[in-house]
Amino acid sequence: MHHLLLLSIIIAIATPLGAIPSQSGAQSAKQVYQTTKKFPLANPGNIPVHDPNIILHNEQYYLFKGGVNIPIFKSANVSGPWEKLGTVLAGDSIIPKTNRTRPWAPTTIEKDGTFYCYYTVSAKGSRDSAIGVATTTSLDGSPWTDHGVLINTGTGAGSGVWPYTITNAIDASVVFDRDSGQAYLNYGSFWHDIWQVPLEDDLLSVRDGEAPDAVQLTFIPRAKTKPEEGVWVSFRDGFYYAWFSHGNCCNFKNGFPGRGKEYSIRVGRSRSVRGPFEDKTGKSLLEGGGTVVYGSNHGAVYAPGGLGVLPGNNDSMDILYYHYLNTSGGFKHGVSLCFAFFVFELAFELTVLAGSSARLELSEI
């Protein structure tokens, strides 16, 4: 398929989970199924995945996902078929924390011929977390070196350093300043939301580790819970875009959250990689702002989030990819993956494309 034609579709990828019960005080499955039709539908993409990360290298797509030892897949097309190459880690992470066998939310980048995979070791609902990193010089079968911890929260070396004392070290992503070349690690979740710290030139540690130059990217003031996580910062046409997940994701064993409380994908932008970021209305992300880009829709897509952005170029659009709860076959199905393709404009009229005709302007949201 011609590359430009491929960039005009949304692709979704499903994986089955166990049945999801509902309880009093939470939405029922039937209520959840009647979600808005405001957003475009997703289309199948033929691989089960959670917490996806995708990079394009030598005209091949490489997909990394949370799971045992961080599985890696490869395809010539973002819709597959996908070939499993192996895993990032040869065994458990060397970080001595819970779930070291099944790291979360990998993010892989390339710099000067070396690939860096940042991953999370944590347990749901816990702030005893860590972000680690592994490296390799080839994606096709070469072994990775696990360098261990960059950031600890809760326990471990450096966990007493601010802002690690108030944050949660999960969901790492990396962005480079277009002017200085400085690399920044974005991370965080519900505990004081999302933060950013500079990395050393080797990308294996935080610069000035005992007193990092940290800035906060998102925050919900005057709220008991602060359900924002999974940030990704991309760049287009002079602006940095901070994309993040807002709401409750994935674990619906105790029932569905109230309508609108589930995951949605939100965004703000800034001229500076360090922010402050503002949404379409001009509200700062530090004041609870964030333009909703994608949410539950058509009674089939529920709680989209866990996102990343694959950058385009002058001939192709940026790709926003994310997982969601696939309810098209009922509520015995779970986390899925889909891709949306975006055109960025300076007026912040961000366009979402699905298929050859479906189109959604942020001005309509």
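So, here's what we can say about the structure. (Residues numbered from 1 in each chain as written. Predicted model: local features only at pLDDT ≥ 70, side-chain atom pairs only at ≥ 80, totals over all residues. Heavy atoms only, no water.)

1. Overview of the overall build of the chain
A tally of regular secondary structure across the chain gives 2 helices and 22 strands. The long-range share in the chain, meaning contacts at least 24 apart out of those at least 6 apart in sequence, stands at 57%. For the chain, the exposed area adds up to about 15,000 Å²; of that, 50% sits on carbon and sulfur atoms. (Helix = DSSP H or I, 4+ residues; strand = E, 2+ residues; numbered from the N terminus. Contact = heavy atoms within 4.5 Å. Areas by Shrake-Rupley, 256 points an atom, 1.4 Å probe, with all protein chains shown as cover.)

2. Re the sheet that holds strand 3 (residues 60-64)
One key point about sheets: their strands pair by backbone hydrogen bonds, in either a parallel or an antiparallel sense. Spatially, 2-3-4-5 is the arrangement adopted by the 4 strands of the open sheet, whose pairing is antiparallel. Only two strands of the sheet have a single partner each, and these edge strands are strand 2 (53-57) and strand 5 (83-87). Averaged over all pairs of adjacent strands, the angle between strand axes in this sheet comes to 25 degrees, irrespective of strand direction. Where strand 2 and strand 3 come together, 5 bridges link them in antiparallel fashion. Within strand 3, the residue paired with isoleucine 54 across the bridge is leucine 63. (Pairing = 2+ DSSP bridges. Axes fitted to C-alpha atoms, helices over the stretch in contact; angles between N-to-C directions.)

3. Considerations on the nonpolar core
Ranked by internal contacts, the top residues of the largest apolar core, which has 26 residues, are Trp243, Ile265, Leu307 and Leu320. Counting only elements with at least two residues in this core, the list comes to strand 3, strand 15 (239-246), strand 16 (264-270), strand 17 (291-294), strand 18 (301-310) and strand 19 (318-326). Examining the composition of this core, we find that 5 residues originate from one element, strand 19, more than from any other. (Core = buried A, V, L, I, M, F, W, Y, C linked by side-chain atoms within 4.5 Å. Buried < 20%, exposed > 50% of the residue type's maximum accessible area, 1.4 Å probe, protein only.)

4. Some words on the pairing of strand 12 (residues 193-198)
Within strand 12, 6 of the 6 residues are buried, which leaves it mostly tucked inside the rest of the structure. Counting the residues between successive antiparallel strands, the hairpin from strand 11 (residues 183-189) to strand 12 contains 3 residues, one of them, histidine 192, with a positive phi of roughly 60 degrees. Two elements, strand 12 and strand 13 (residues 215-218), share 3 bridges in a ladder whose sense is antiparallel. The residue bridging isoleucine 194 from the neighbouring strand is threonine 218, located in strand 13.

5. Some remarks on the side chain of glutamine 196
With respect to the helices and strands, the residue glutamine 196 is situated in strand 12. Here asparagine 186 takes part through its side chain, which lies 3.0 Å from a polar atom of the side chain of glutamine 196. Of the polar contacts made by the side chain of glutamine 196, one reaches the backbone oxygen of valine 273; its length is 3.2 Å. Not counting the four nearest positions on each side in its chain, glutamine 196 is found in contact with Val175, Tyr184, Leu185, Asn186, Asp213, Ala214, Val215, Leu217, Val273 and Arg274. (Polar contact = N/O pair within 3.5 Å; in protein donor to acceptor, adjacent residues only side chain to side chain.)

6. Observations regarding the environment of proline 257
Here proline 257 shows up in the loop between strand 15 and strand 16. C-alpha of proline 257 to C-alpha of glycine 247: the two residues are 10 residues apart in sequence and 9.0 Å apart in space.

7. Some remarks on the pattern of salt bridges
All told, the structure shown has 7 salt bridges when counted by the stated rule. With a shortest N-O distance of 3.0 Å, aspartate 128 and lysine 97 are connected by a salt bridge. With aspartate 128 in the loop between strand 7 (114-121) and strand 8 (129-136) and lysine 97 in the loop between strand 5 and strand 6 (104-111), the pair connects residues that are 31 residues apart, well separated along the chain. Given a relative accessible area of 9%, lysine 97 falls into the buried group. (Salt bridge = Lys/Arg side-chain N within 4 Å of Asp/Glu carboxyl O.)

8. Overview of the sheet that holds strand 8
Read from one edge of the open sheet, 4 strands run 6-7-8-9, paired in antiparallel fashion. Either end of the sheet is taken by a strand with one partner, and the two such strands are strand 6 and strand 9 (145-153). The mean inter-strand angle of the sheet, taken between neighbouring strand axes irrespective of direction, is 20 degrees. In this sheet, strand 8 lies alongside strand 7 in antiparallel orientation, the contact comprising 7 bridges. Bridge assignment links tyrosine 116 to a residue of strand 8, and that residue is threonine 135.

9. Re the environment of glycine 306
Inspection of the secondary structure assignment puts glycine 306 in strand 18. Taking C-alpha positions, glycine 306 is 5.2 Å from tyrosine 322, a pair spaced 16 residues apart along the chain. Setting aside its immediate chain neighbours within four residues, glycine 306 contacts Asp51, Pro52, Ser245, Tyr263, Tyr321, Tyr322 and His323.

10. Quick word on the packing of aromatic side chains
Under the definition given, this model contains 9 aromatic pairs. On the numbers, 5.0 Å between centres and 50 degrees between planes, the contact of tyrosine 294 with tyrosine 322 is tilted. On the criterion of sequence distance, the pair formed by tyrosine 294 in strand 17 and tyrosine 322 in strand 19 is long-range, its members being 28 residues apart. For tyrosine 322, a relative accessible area of 0% translates into the label buried. Counting every residue linked through ring pairs, the aromatic cluster contains Phe39, Tyr294 and Tyr322. The ring of phenylalanine 239 has arginine 269 sitting right over it, with the charged end atom 3.5 Å from the ring centre. (Phe/Tyr/Trp six-rings, centres within 6.5 Å; stacked < 30°, edge-to-face > 60°. Lys NZ or Arg CZ within 6 Å of the ring centre and 35° of its normal.)

11. Observations concerning unusual backbone geometry
In this model, tryptophan 162 is joined to proline 163 through a cis peptide bond whose omega is 10 degrees. Tracing the backbone shows proline 163 in the loop between strand 9 and strand 10 (173-176). Backbone torsion omega between glycine 275 and proline 276 reads 0 degrees, so that peptide bond is classified as cis. By the secondary structure assignment, proline 276 is in the loop between strand 16 and strand 17.

By themselves, these figures tell us nothing about what the structure is for.
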